Amino acid sequence: MDIQELYSENVRKMKSSEIRELLEVSQQPGVISFGGGLPNTGAFPVGDIKKIVNDVLDEEGDIALQYGTTPGRKKLIEEIISMARKDDIKADIDNVIITVGSQQALDLLGRVFLNEGDTIFLGSPTYLGGINAFRSYGADMIGVPLDDDGMDVDKLEEKIKESRKEGKNLKMIYTIPTFQNPAGVVMSEERRKRIVEIAEENNLLLVEDDPYGKLRFDGKPLKPLKAYDENVVYLGTFSKILSPGFRLAYAIAPEEVTKKMVIAKQSIDLCTPTFTQSIAYRFIKEGYMDRHIPRIIKMYKRKRDLMLEALEEYFPEGCKWTHPHGGMFLWATLPEHIDTKEMFKDAIKEKVAYVHGRAFYVDGGGSNAMRLNFSNPSDEEITEGIKRLGKVIEKKL
Ligand SMILES: Cc1ncc(COP(=O)(O)O)c(C=O)c1O
């Protein structure tokens with residue numbers, strides 16, 4: 001039997017995430033990893049969850065252990081709507097769908113909107129999981145450069161015009177405007193307003209992926225894109241503010257879009273786990289979330305500062321890096337001749353890991369860059385790991 005012959009066209013397009021493979025290597029004993037995008041396990045509110053789990057089982061075990069509806073538990077959706085209102089996002093119950101992580105929301109958007117060859121504009125660099133989700137639907141992905149103020153909207157407009165001229169079928173703009181993964185940058189207010197207009201003018205779906213917006217350490221909060229235009233599809237998640245193990249996230253979208261996402265989701269998993277939804281609901285409703293987020297911010301801010309200090313001290317001249325005001329990552333750029341993918345072997349020998357920049361580009365670029373995660377390593381590991389990495393880079397100069 002030749003199983004290869006039987007695979008669908010879709011599966012043939014799928015690629016195992018490069019990061020996942022790298023992360024396996026970085027789990028070798030003694031390796032300090034800045035590679036993964038993991039929250040710090042010390043930021044999990046284990047005690048609070050233990051208590052809530054008991055309450056859920058005592059008071060509503062019948063609902064929490066039963067199948068739920070596909071859009072999600074109404075009580076949780078109402079809490080999500082109140083949270084969103086604080087960010088000037090207006091939504092009703094029919095605008096929200098709860099998903100198994102934002103990753104599922106990205107996949108659902110692919111199912112609902114993309115035909116083979118449809119064009120999407122996304123950051124250069126951008127979130128690898130987004131690239132993989134859209135690739136599996138055969139999307140034609142066009143990278144738009146970023147700078148310290150986020151996606152360059154003038155370049156975006158140029159690329160839209162060029163693509164139209166080439167007769168492409170334009171569908172979507174995918175962006176992570178706040179504490180971007182991987183670069184850690186924030187889109188300026190001016191650009192936020194402009195990108196919303198560009199999407200409207202060109203009839204493109206604007207997808208705002210916002211896993212990190214609540215993790216702001218300093219600087220003035222900016223309104224999400226969704227606050228400027230109800231047609232934006234906004235993706236939020238509990239992965240970074242509660243626990244990624246819950247696999248709980250949500251999309252806020254125009255009602256007709258959530259309806260289609262619900263239909264698409266029905267054939268995947270029927271519903272998001274009711275149990276974790278019930279716990280998350282109480283976590284917000286009973287005030288735990290409001291007390292918990294500042295604790296995470298305090299921890300990650302300290303880790304960001306430690307990483308910035310270590311970079312100043314140990315990275316050789318000619319390297320530069322972003323100074324994120326929140327989130328979990330920063331982006332370092334090395335002298336041009338250094339290929340960070342190739343350097344990874346040397347880094348592992350010195351027992352330190354990162355993700356090379358090229359992994360986050362759809363059209364080349366980033367060969368001398370790397371993403372560094374500061375949320376997951378311990379304070380001591382941050383200083384020691386950056387010292388090791390500094391030495392590895394020094395040898396390449
Ligand atoms: C930009 C971005 N979008 C989506 C996700 C997926 O998050 P979730 O755990 O909600 O699936 C991540 C996770 O790192 C991310 O960085």
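Residues numbered from 1 in each chain as written. Predicted model: local features only at pLDDT ≥ 70, side-chain atom pairs only at ≥ 80, totals over all residues. Heavy atoms only, no water.

Student: Residues and numbers for the overall build of the protein, please.
Tutor: Each helix and strand counted, the protein has 13 helices and 14 strands in total. Judged by the C-alpha coordinates and their principal axes, the protein covers about 60 × 60 × 55 Å. Taking all 397 residues of the protein together, the buried fraction comes to 56%. Expressed as a percentage of contacts within the protein between residues at least 6 apart in sequence, the contacts between residues at least 24 apart total 75%. Surface exposure of the protein reaches about 17900 Å², of which carbon and sulfur atoms provide 49%. Taking the 56 positively charged and 63 negatively charged side chains of the protein as two groups, their mean positions are separated by 2 Å. (Helix = DSSP H or I, 4+ residues; strand = E, 2+ residues; numbered from the N terminus. Buried < 20%, exposed > 50% of the residue type's maximum accessible area, 1.4 Å probe, protein only. Contact = heavy atoms within 4.5 Å. Areas by Shrake-Rupley, 256 points an atom, 1.4 Å probe, with all protein chains shown as cover. Lys, Arg positive; Asp, Glu negative; His and termini not counted. Charge placed at Lys NZ, Arg CZ, Asp CG, Glu CD.)

Student: Explain the pairing of strand 11 (residues 329-333) to me, using residue names and the numbers behind them.
Tutor: Residues in a regular strand project their side chains so that they alternate between the two faces of the sheet. Across the 5 residues of strand 11, 4 count as buried, placing the element largely inside the fold. As judged from the 2 bridges shared by strand 10 (residues 320-321) and strand 11, these two strands associate in the antiparallel manner. Looking at the pairing, lysine 320 lines up with threonine 333 of strand 11. Bridge analysis of strand 11 against strand 14 (residues 369-373) gives 5 bridges, and the strand direction is antiparallel. What sits directly across from tryptophan 331, in strand 14, is arginine 371. (Pairing = 2+ DSSP bridges.)

Student: Tell me about the layout of surface pockets, and name the residues and values.
Tutor: Approximately 1100 Å³ is the volume found for the largest pocket. Across the lining of the largest pocket, the residue classes tally to 19 nonpolar, 20 polar and 9 charged. Here the lining of the largest pocket gathers at least three residues from each of two domains, domain 1 (3-45 + 292-396) and domain 2 (67-288). (1 Å grid on protein atoms, 1.4 Å probe; cavity = no way out; pocket = protein on both sides within 12 Å on 5 of 7 lines; lining within 4 Å. Points joined across faces, edges and corners; volume = space filled by probe spheres on them. Nonpolar A, V, L, I, M, F, W, Y, C, P; charged D, E, K, R; others polar. Domains from an automatic or database assignment.)

Student: Please provide a residue-by-residue account of the environment of glycine 385, values included.
Tutor: You can see glycine 385 is positioned in helix 13 (residues 379-396). For glycine 385, a relative accessible area of 0% gives the class buried. Expressed as a C-alpha distance, the spacing of glycine 385 and alanine 310, which sit 75 residues apart in the sequence, is 9.0 Å. Ignoring sequence-local partners within four residues, the contact set of glycine 385 consists of Ile32, Phe34 and Val352.

Student: Lay out the sheet that holds strand 11 in plain terms, naming residues and giving numbers.
Tutor: Sheet architecture is open: 4 strands sit in the order 10-11-14-13, paired in antiparallel fashion. Each edge of the open sheet carries a strand with a single partner, namely strand 10 and strand 13 (355-356).

Student: Can you break down the site of the ligand residue by residue, with the values?
Tutor: The ligand sits among 13 residues. The nearest are Ser102, Asp209, Tyr212, Thr237 and Ser239. Measuring from an oxygen atom of the ligand, one finds a side-chain N or O atom of serine 239 at 2.6 Å. Applying the majority rule of atoms within 2 Å of the grid points places the ligand in the largest pocket. The element contributing the most residues to the shell around the ligand is helix 5 (residues 101-113), with 3 residues. Here the residues of the shell around the ligand sort into 4 nonpolar, 6 polar and 3 charged. (Near = heavy atom within 4 Å. Polar contact = N/O pair within 3.5 Å; in protein donor to acceptor, adjacent residues only side chain to side chain. Sits in = over half its atoms within 2 Å of the grid points.)

Student: Residues and numbers for the packing of aromatic side chains, please.
Tutor: One pass over the full model with this rule turns up 9 aromatic pairs. Residues phenylalanine 315 and tryptophan 321 carry aromatic rings whose centres are separated by 6.0 Å and whose planes lie at 90 degrees to one another, so their mutual orientation is edge-to-face. In this structure, phenylalanine 315 and tryptophan 321 share a single accessibility class: buried. On the numbers, 5.5 Å between centres and 80 degrees between planes, the contact of phenylalanine 344 with tyrosine 354 is edge-to-face. On the criterion of sequence distance, the pair formed by phenylalanine 344 in helix 12 (residues 340-349) and tyrosine 354 in the loop between strand 12 (352-353) and strand 13 is long-range, its members being 10 residues apart. Tyrosine 354 shares its class with phenylalanine 344; the two are buried. (Phe/Tyr/Trp six-rings, centres within 6.5 Å; stacked < 30°, edge-to-face > 60°.)

Student: I'd like to hear about the side chain of serine 243, residue by residue, with values.
Tutor: Position of serine 243 relative to the elements: it lies in the loop between strand 8 (233-237) and strand 9 (249-252). Side-chain polar atoms of serine 243 contact the backbone nitrogen of glycine 245, separated by 3.0 Å.

Student: Any details on the pattern of salt bridges? Residues and values, ideally.
Tutor: According to the stated counting rule, one finds 34 salt bridges in the structure shown. One salt bridge connects lysine 214 with aspartate 87, and the closest N-O pair in it is separated by 2.9 Å. Of the two residues, lysine 214 is situated in the loop between strand 7 (205-209) and strand 8 and aspartate 87 in the loop between helix 4 (74-86) and strand 2 (96-99); the sequence distance between them amounts to 127 residues. Of the charged contacts, one joins glutamate 166 and lysine 168 as a salt bridge, the two residues approaching to 3.7 Å between their closest N and O atoms. Looking at glutamate 166, the relative accessible area reads 54%, which means it is exposed. Through salt bridges with shared partners, one network takes in Glu59, Glu60, Arg73, Lys75, Arg282 and Glu286. (Salt bridge = Lys/Arg side-chain N within 4 Å of Asp/Glu carboxyl O.)

Student: Any chance you could break down the domain arrangement of the protein for me, citing the residues and the numbers?
Tutor: Entries for the protein in the domain assignment read domain 1 (3-45 + 292-396) and domain 2 (67-288). Facing the 35 residues of domain 1 at the interface are 36 residues of domain 2. Both faces considered, domain 1 and domain 2 share a buried interface measuring about 3000 Å² in area, 64% of it formed by carbon and sulfur atoms. Counting the surface domain 1 buries against domain 2, the share from its top three residues, Lys13, His325 and Val362, is 20%. For the interface between domain 1 and domain 2, the tally reads 1 salt bridge. Across the pair aspartate 218 and arginine 304 runs a salt bridge, and its minimum N-O distance is 2.8 Å. Scanning the region where domain 1 abuts domain 2 turns up 10 residue pairs in polar contact (both at pLDDT 80 or more). In terms of residue count, helix 11 (residues 288-314) provides more of the side of domain 1 that touches domain 2 than any other element does, 7 residues in total. Looking at the side of domain 1 that touches domain 2 residue by residue, the class counts come to 20 nonpolar, 8 polar and 7 charged. (Buried area = accessible area lost by both parts, 1.4 Å probe.)

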